[in-house]
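Residue-level structural notes
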Amino acid sequence: GRRGGPRGGCTWAATMKPVDQTIFGRPYGNCLPACIASILELSLGDVPHFGADGWLEELDRWLEPRELYAVCFGLAGAGSWRPRGLHVLAGGSPRGDYLHAVVARGSEIVHDPHPSRVGLMDHVDVTLIVPLDVTRFVEQAVGGKKRLV
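Residues numbered from 1 in each chain as written. Predicted model: local features only at pLDDT ≥ 70, side-chain atom pairs only at ≥ 80, totals over all residues. Heavy atoms only, no water.

1. Focus on the pattern of salt bridges
Tallied over the full model, the rule gives one salt bridge. When the shortest N-O distance is used, the salt bridge between Arg 117 and Asp 20 registers 2.9 Å. Of this pair, Arg 117 sits in the loop between strand E6 (108–111) and strand E7 (125–131) while Asp 20 sits in the loop between strand E2 (10–12) and helix H1 (31–40), placing them 97 residues apart in sequence. Take Asp 20: its relative accessible area is 33%, and that puts it in the partly exposed class. (Salt bridge = Lys/Arg side-chain N within 4 Å of Asp/Glu carboxyl O. Helix = DSSP H or I, 4+ residues; strand = E, 2+ residues; numbered from the N terminus. Buried < 20%, exposed > 50% of the residue type's maximum accessible area, 1.4 Å probe, protein only.)

2. Describing the packing of aromatic side chains
What the rule picks out here adds up to two aromatic pairs. Taking NZ or CZ as reference, Arg 66 lies 3.9 Å from the ring centre of Trp 62, over its face. (Phe/Tyr/Trp six-rings, centres within 6.5 Å; stacked < 30°, edge-to-face > 60°. Lys NZ or Arg CZ within 6 Å of the ring centre and 35° of its normal.)

3. What about the side chain of His 114?
Here His 114 shows up in the loop between E6 and E7. When its relative accessible area of 13% is taken as the criterion, His 114 is described as buried. One polar contact links His 114 to Ser 116, side chain to side chain, over a distance of 3.0 Å. If sequence neighbours within four positions are ignored, His 114 has contacts with Gln 21, Phe 24, Arg 95 and His 100. (Polar contact = N/O pair within 3.5 Å; in protein donor to acceptor, adjacent residues only side chain to side chain. Contact = heavy atoms within 4.5 Å.)

4. Some thoughts on the side chain of Ser 38
Within the fold, Ser 38 resides in helix H1. The exposure class assigned to Ser 38 is buried, which follows from its relative accessible area of 0%. Here Ser 38 is in contact with Met 16, Lys 17, Pro 18, Val 19, Val 103 and His 111, once residues within four sequence places are set aside.

In structure tokens, the structure reads:
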């Protein structure tokens, strides 16, 4: 949730609701919906199971009515820049030759939705969930008053 910052601005509390996946393996495991549910603090049933092909477009269509969208970018290597906030981090699964998704903050994995909690073999890409219109987000964050935080 949100809380006031030291100068009356808004910061995000470092919380999320860990949600575990219920479908496992390639090609239809639901680790990505579990990560999205965790970050947005929803139940797994509230997030659709996105297909392997076109998942980013499907995710964007689902996020749009929530005034959010997804930004996905590849990582250049182990020392690549990572967002400081919560994001989906994808990489090689330790259980087979396919991708797995976890929730990370910076370079730290904060939730692996797989019951093994093993994490990733490597880091391939990051998906951020961001507001469609940051000015509306700022208005909501400071109680409806338009102000930069």
